[in-house]
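Here are the chains, one letter per residue:
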Amino acid sequence: MLYPLPAVLVSVADREGRPNVLTVAWAGTVCSTPPMVSISVRPERYSYHCIEETGEFVINLTTAKLACAADYCGVKSGRDVDKFAQMKLTPCASKKVKVPGIAESPVSLECKVRQILPLGSHTMFVAEVVAVSVDEAYMDENGRFHLEKADLLAYSHGVYYRLGEPIGKFGYSVEKKQRSGRKAQGDRKTDSGKK
Ligand SMILES: Cc1cc2nc3c(=O)[nH]c(=O)nc-3n(C[C@H](O)[C@H](O)[C@H](O)COP(=O)(O)O)c2cc1C
């Protein structure tokens with residue numbers, strides 16, 4: 001019942017370096033320092049053994065444009081099809097792991113598995129993010145990254161959604177109200193978004 005979930009494309013590779021990709025909704029940020037994420041994967045997935053063997057994967061964020069690929073990669077298995085080829089996804093070399101990322105994704109998080117937690121139906125891979133690649137198209141002239149322009153994909157109860165309109169930013173509930181058209185002191189603070 002937790003919502004919304006990301007529907008990310010997780011790229012993996014087998015021992016011979018052949019890449020595959022599966023869709024994962026049970027993914028999350030679990031630590032800031034060191035930067036850690038988790039994905040929960042059923043052991044029967046073809047990709048499961050790739051992750052177990054290499055200890056690496058790449059989380060590629062998805063956009064509305066990638067919704068069809070995200071669905072396809074979540075219903076077809078790498079045992080039967082080459083999902084990169086079928087969905088015209090472009091594997092791109094990663095910086096710190098052998099597993100390739102996906103060029104069409106706005107953000108790719110290169111991950112090294114640090115802990116494996118068998119939980120029941122799913123096994124959780126807790127991994128450190130060792131490198132991040134972002135699509136330069138979303139960088140402005142000041143080097144600020146505009147993820148909000150990427151048209152990110154969300155998933156809730158079996159349905160894919162675009163993210164909706166922003167209704168507030170981090171800390172806005174305690175910021176001072178604007179006075180005579182000029183922003184109050186607290187308003188000028190930049191949003192770190194840090195938790
Ligand atoms: C939106 C969506 C989210 C999914 N989330 C997960 C998940 O969190 N964990 C998981 O093990 N499988 C998940 N799946 C299913 C796998 O992506 C699917 O079984 C895929 O075919 C496995 O590919 P593989 O056999 O090539 O590894 C999801 C599928 C979809 C469509």
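Overview of the structure.

About the cut-offs
- Residues numbered from 1 in each chain as written.
- Predicted model: local features only at pLDDT ≥ 70, side-chain atom pairs only at ≥ 80, totals over all residues.
- Helix = DSSP H or I, 4+ residues; strand = E, 2+ residues; numbered from the N terminus.
- Near = placed C-beta within 6 Å.
- Nonpolar A, V, L, I, M, F, W, Y, C, P; charged D, E, K, R; others polar.
- Pairing = 2+ DSSP bridges.
- Axes fitted to C-alpha atoms, helices over the stretch in contact; angles between N-to-C directions.
- Buried ≥ 20, exposed ≤ 12 C-beta atoms within 10 Å, placed from the backbone.

### Some thoughts on unusual backbone geometry
Between Tyr3 and Pro4 the backbone carries a cis peptide bond, its omega angle lying at -25 degrees. By secondary structure assignment, the location of Pro4 is in the segment before strand S1 (5-6). In this chain, Thr33 is followed by Pro34 through a cis amide linkage whose omega measures -5 degrees. Mapped onto the elements of the fold, Pro34 is located in the loop between strand S4 (27-31) and strand S5 (36-41). Look at His157: it is not a glycine, yet its phi comes out positive at around 50 degrees.

### Side note on the site of the ligand
By nearness alone, 22 residues border the ligand, and Tyr46, Ser47, Gly74, Ser77 and Gly78 come closest of all. Counting only elements with at least two residues in the shell around the ligand, the list comes to strand S3 (19-24), S5 and helix H1 (46-54). Examining the composition of the shell around the ligand, we find that 4 residues originate from one element, S3, more than from any other. A per-class count over the shell around the ligand returns 9 nonpolar, 8 polar and 5 charged.

### Quick word on the sheet that holds strand S9 (residues 107-118)
Strand order in the open sheet formed by 7 strands is S3-S2-S6-S9-S10-S5-S4, and the pairing between neighbours is antiparallel. The outermost strands of the open sheet, each flanked by one partner alone, are S3 and S4. Here the average twist between neighbouring strands, direction ignored, is 35 degrees. Relative to strand S10 (residues 123-134), S9 runs antiparallel, the two being bridged by 11 bridges.

### What about the pairing of strand S6 (residues 56-60)?
Counting buried residues along S6, 5 of its 5 residues qualify, which places the element largely inside the surrounding structure. What you see with S6 is no split at all: Glu56, Val58 and Asn60 on one side and Phe57 and Ile59 on the other are buried throughout. Examined bridge by bridge, strand S2 (residues 8-13) and S6 share 3 bridges and lie antiparallel to one another. Among the inter-strand pairings, Leu9 is bridged to a residue of S6, identified as Asn60. Sheet analysis places S6 next to S9, joined by 5 bridges and oriented antiparallel. Directly across from Asn60, in S9, lies its bridge partner Ser108.

Treat this as a map of the structure, not an account of what it does.
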